[in-house]
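Structural characterization, general
For reference, the chains in residue letters:
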Amino acid sequence: MRRLVGLRKAGLVALVALAPLAAQAATPVPAACLALKSGAEATLSSTSTAALGPVSYPGQADAPGCTITFTGSGKVFGTSFQAVAAKLDAMMQGRGWAPDNNAAADGPTGTAMGYRKAAQAVAVSVNYSTPKGVCPSDAPVASCHPTAAQMRYTITLGLTPAS
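Read on for a plain summary of the structure. (Residues numbered from 1 in each chain as written. Predicted model: local features only at pLDDT ≥ 70, side-chain atom pairs only at ≥ 80, totals over all residues. Heavy atoms only, no water.)

What about the packing of aromatic side chains?
This model, assessed by the stated rule, comprises 4 aromatic pairs. An angle of 50° between the planes, with centres 6.1 Å apart, marks the rings of Y128 and Y153 as tilted. On the criterion of sequence distance, the pair formed by Y128 in strand 6 (residues 120–129) and Y153 in strand 7 (residues 152–161) is long-range, its members being 25 residues apart. Across this residue pair, the class does not change: Y128 and Y153 are buried. (Phe/Tyr/Trp six-rings, centres within 6.5 Å; stacked < 30°, edge-to-face > 60°. Helix = DSSP H or I, 4+ residues; strand = E, 2+ residues; numbered from the N terminus. Buried < 20%, exposed > 50% of the residue type's maximum accessible area, 1.4 Å probe, protein only.)

A word on unusual backbone geometry
Positioned with a positive phi, S45 is a non-glycine residue whose angle comes to about 50°. With respect to the helices and strands, S45 occurs in the loop between helix 2 (31–44) and strand 1 (49–57). A positive phi is found at A118, a non-glycine position, where the angle reads about 50°. Among the secondary structure elements, A118 is positioned in the loop between strand 5 (110–117) and strand 6.

Here's the deal with the nonpolar core
The nonpolar side chains of a soluble globular protein tend to be buried with one another. L88, V126, Y153, I155 and L157 are the most contacted members of the largest nonpolar core, which has 26 residues in total. Among the secondary structure elements, those contributing two or more residues to this core are helix 2, strand 2 (60–73), helix 4 (81–94), strand 5, strand 6 and strand 7. Considering each element in turn, this core owes the most residues, 6 residues, to helix 4. Not counting the four nearest positions on each side in its chain, L157 is found in contact with L36, A40, C66, T67, I68, F70, M91, M92, V122, A123 and V124. (Core = buried A, V, L, I, M, F, W, Y, C linked by side-chain atoms within 4.5 Å. Contact = heavy atoms within 4.5 Å.)

Brief notes about helix 4
In an α-helix, one turn spans 3.6 residues; hence positions three or four apart end up facing the same way. Along its 14 residues, helix 4 runs 20 Å from first to last C-alpha, staying within 8% of the 20 Å computed at 1.5 Å per residue. Every buried residue of helix 4 is accounted for by F81, V84, A85, L88, M91 and M92. Considered in projection along helix 4, the buried side chains sweep an arc of 120° and stay on one side of the axis. Within helix 4, the exposed residues directed more than 90 degrees away from the buried face are A90 and G94. Among the residues trailing helix 4, G96 stands out with phi positive, at a value near 90°. (Expected span 1.5 Å × (residues − 1). Arc of directions from axis to C-beta.)

Given below as structure tokens:
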């Protein structure tokens, strides 16, 4: 009987310890994030995930917000990260978001863009990587031409209140 009481107490302690995690998991994703997620999914013809948490935006401190993430190969998104970024740019501007050129950056395997509307900001990032051995390690990244199947995309849209 004593052992059963001890187990019940241990179980209660575990449930109490998990309560904050359950409350955090139950926090709903804001409507603005869900609208952005829906628009991006329609634009890219793919599904994504949305998660609450700190969002980074160039020139401001991390702020609470949500991050929408897409992952997949070039078979899903195509072999041009610039084309993917252009689709998202058209979607953002079509929804009234103004480009923020101070948040733009480019590289050989990705690009980043920023947008502002009212008191919100969105940081968009389109990047791909390749599995080890696909591209020579001693050659410039731009000289590598992976197949669609070898491209592993990570596309994020981070929505946060502007400061």
